[in-house]
Amino acid sequence: MSSDGATPSQTVGPFFRLGLDRPEWSDLTRDGPRGDKIAIEGRVLDGDGAPVDDAVREIWQADADGRYDHPEDGRPADPGFHGFGRAMSDEGGRYRFVTVRPGRVPGRGGALQAPHVNLTVFARGLLKQLVTRIYFADEPSNDRDPVLSGIADPAARRTLLALRQDAAAAYRFDVVLQGKGETAFFDF
Amino acid sequence: MSREAYAHPPPGAQPPYLHREYGSTLKRAPSRALLPLEQTLSEITGPRFRAESELVDLTRPAKGEALGQRIIVAGKLIEEGGRPVRSTLVELWQCNAAGRYLHGKDQHDAPLDPNFTGVGRAITNDQGEYRFLTILPGAYPWRNTYNAWRPAHIHFSVFGPAFATRLVTQMYFPGDPLLALDPIYNSVPDEAARRRLVSAYDPALSQAEYALGYRFDVVLRGRESTPFEGRR
């Protein structure tokens, strides 16, 4: 084998639950972080609008002050928050994370980005992961976010906005893999 | 702090989303082009796993012994350019020697092994190395096309230093005649890249009178040479 280039991705297949299911990882507040506790929940749907029951989602986010628990950030992060979560689809394609609302994170040139959660989706039928960002529809700084404002199509932009559900601090974010309402996915 | 973005793969080095020969991609591949995103702190940071417990011997559960050919699977996690990736999480899962997963949805008519779960977990050492003792997984049929069989493989999930380096892949075995027929393996257009999915038999890794050794190095995407942000 050669090590001249990166190892290619391959699908997680249908049986990933065996190796990847870590139920405790869907709750990012288990170490008692600072900030506003929220839930992010929704479904993953395929090109027929059918729920995808064999998907795994991972999130990576900053703490309530907008700091990542990582040496590249350099600023001290909340010791009670580590920013990573994983959740499996249930039979209805649903998932749920409990976390804190992230703060604003520096973007290019030091301008602040709007609060967002980075989302990765793996599934049978995905030969490599899909990546998107979850923004919060009720966040005033969205208008000045360089990534959101760089998306020309308003319908595609809307697919990145999680909607607050009534009283409980739960946000709804569906991922549509293909077709009508298809989520805007990123390449970076 | 100087910040370099992670490099993009060259054409053909990664599979596409839509690959007609793999039927499950047809309703799951996005129909629109991905949007280019300039990397920020969000992409060049990523999770760390400080307190993970390891599970590196899959052949000996609490009591009993897994059936099958014992193998040692070991290798290095490196970034393109060769820098070792230390202290990162490697997760693996596989079917048993008969080609059956310990998973409710696996209906293949092959026996389960009560002494084999097929789940492993390791943290790379300071040289980026990992090592598992497991058994050779069997080939198994799948319904992608009539009489289709997946080549023997082990699923790998690795993180690396950043959200941008996250990788889930499959390790295959050298000389497997099913590789030429497998649409998942062959979804990677570039042949040299595809070959990086195949482990190498390594006599030096084999343990005399005990287990065969297969080496599988995982190469994660490396950094570009120019920083996108200077010192702060």
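Residues numbered from 1 in each chain as written. Chains lettered and ligands numbered in written order. Predicted model: local features only at pLDDT ≥ 70, side-chain atom pairs only at ≥ 80, totals over all residues.

1. A look at the overall build of chain A
Basically, it comes down to this: Secondary structure elements are defined from DSSP: runs of H or I of at least 4 residues count as helices, runs of E of at least 2 residues count as strands, and each element is numbered from the N terminus. We compute the radius of gyration from the C-alpha atoms alone; for a globule the expected value is 2.2 Å times N to the 0.38, where N is the number of residues. Any residue whose C-beta has 12 or fewer other C-beta atoms within 10 Å is treated as exposed, any with 20 or more as buried, and any in between as partly exposed, C-beta atoms being built from the backbone. For the purpose of contact definition, each residue receives a C-beta atom placed from its backbone, and two residues are in contact when these atoms lie within 7 Å.
In terms of regular secondary structure, chain A is built from 3 helices and 10 strands. Starting at the N terminus, the α and β elements of chain A follow one another as α-β-β-β-β-β-β-α-α-β-β-β-β. A compact globule built from 188 residues would reach a C-alpha radius of gyration of about 16 Å, and chain A, at 17 Å, matches this within 12%. In terms of overall dimensions, chain A has C-alpha extents of about 40 × 40 × 35 Å along its principal axes. Counting over 188 residues, chain A shows a buried share of 49%. Taking the intrachain contacts of chain A between residues at least 6 apart in sequence as the baseline, contacts between residues at least 24 apart amount to 71%.

2. Brief notes about the overall build of chain B
Within chain B one finds 2 helices and 14 strands. The globule rule puts the C-alpha radius of gyration for 232 residues at 17 Å, and the 19 Å found for chain B is close to it. The principal-axis extent of the C-alpha atoms belonging to chain B is close to 60 × 40 × 30 Å. Taking all 232 residues of chain B together, 40% fall into the buried category. Intrachain contacts of chain B at a sequence separation of at least 6 include 72% that bridge at least 24 residues.

3. Remarks on the nonpolar core
Our working definition: Note on definitions: a nonpolar core is a set of buried residues drawn from Ala, Val, Leu, Ile, Met, Phe, Trp, Tyr and Cys, linked by C-beta atoms within 7 Å.
Counting residues in hydrophobic clusters, the biggest one holds 97 residues, and the most contacted among them are Ile40, Val121, Phe122 and Ile134 of chain A. Excluding residues within four positions of it along the chain, Val121 of chain A makes contact with Val44, Ala55, Arg57, Leu126, Gln129, Leu130 and Val175 of chain A.

4. Observations concerning unusual backbone geometry
Residues and elements named next belong to chain B. In this model, Ser87 sits at a positive phi of 50°, which is unusual for a non-glycine residue. Of note in the backbone geometry, Glu209 takes a positive phi value of approximately 60° without being a glycine. As for its placement among the helices and strands, Glu209 is situated in the loop between strand S11 (200-201) and strand S12 (212-215). Note on Glu209: 5 C-beta atoms within 10 Å, which makes it exposed.

5. With respect to the interface of chain A and chain B
Using the following cut-off: Three classes are used: nonpolar for Ala, Val, Leu, Ile, Met, Phe, Trp, Tyr, Cys and Pro, charged for Asp, Glu, Lys and Arg, and polar for all others, with Gly counted as polar. Here, any two strands with at least 2 DSSP bridges between them count as paired.
Taken together, the contact between chain A and chain B spans 58 residues of the former and 71 residues of the latter. Contributions of two or more residues to the side of chain A that touches chain B are made by helix H1 (17-20), strand S5 (116-123) and strand S10 (186-187) of chain A. Residues belonging to the side of chain A that touches chain B are distributed by class as follows: 26 nonpolar, 22 polar and 10 charged. The pairing of S10 of chain A with strand S2 (residues 35-36) of chain B spans 2 bridges and is classified as parallel. The residue bridging Phe186 of chain A from the neighbouring strand is Leu35 of chain B, located in S2 of chain B.

6. Quick notes on the environment of Phe173 of chain A
Looking at the element boundaries, Phe173 of chain A is found in the loop between strand S8 (170-172) and strand S9 (175-176). Apart from residues no more than four positions distant in its own chain, Phe173 of chain A is found in contact with Ile40, Gly42, Ile134 and Ala162 of chain A.

7. Structural notes on the sheet that holds strand S5 (residues 119-123) of chain B
All names here are of chain B. For the record, the criterion: Angles shown run from 0 to 180 degrees and are taken between the N-to-C directions of axes, each axis being a line fitted to C-alpha atoms and, for helices, limited to the stretch in contact.
Read from one edge of the open sheet, 4 strands run S5-S4-S9-S10, paired in antiparallel fashion. Each edge of the sheet is formed by a strand with only one pairing partner; in this case those strands are S5 and strand S10 (167-172). Strand-to-strand, the axes of this sheet are offset by a mean angle of 20°, without reference to chain direction. The pairing of strand S4 (residues 89-93) with strand S9 (residues 153-158) spans 4 bridges and is antiparallel. Looking at S9, one finds that Glu91 is bridged to Ser157.

8. Section: the environment of Ala152 of chain B
Along the chain, Ala152 of chain B turns up in the loop between strand S8 (148-150) and S9. Look at Ala152 of chain B and you get buried, because 21 C-beta atoms sit within 10 Å.

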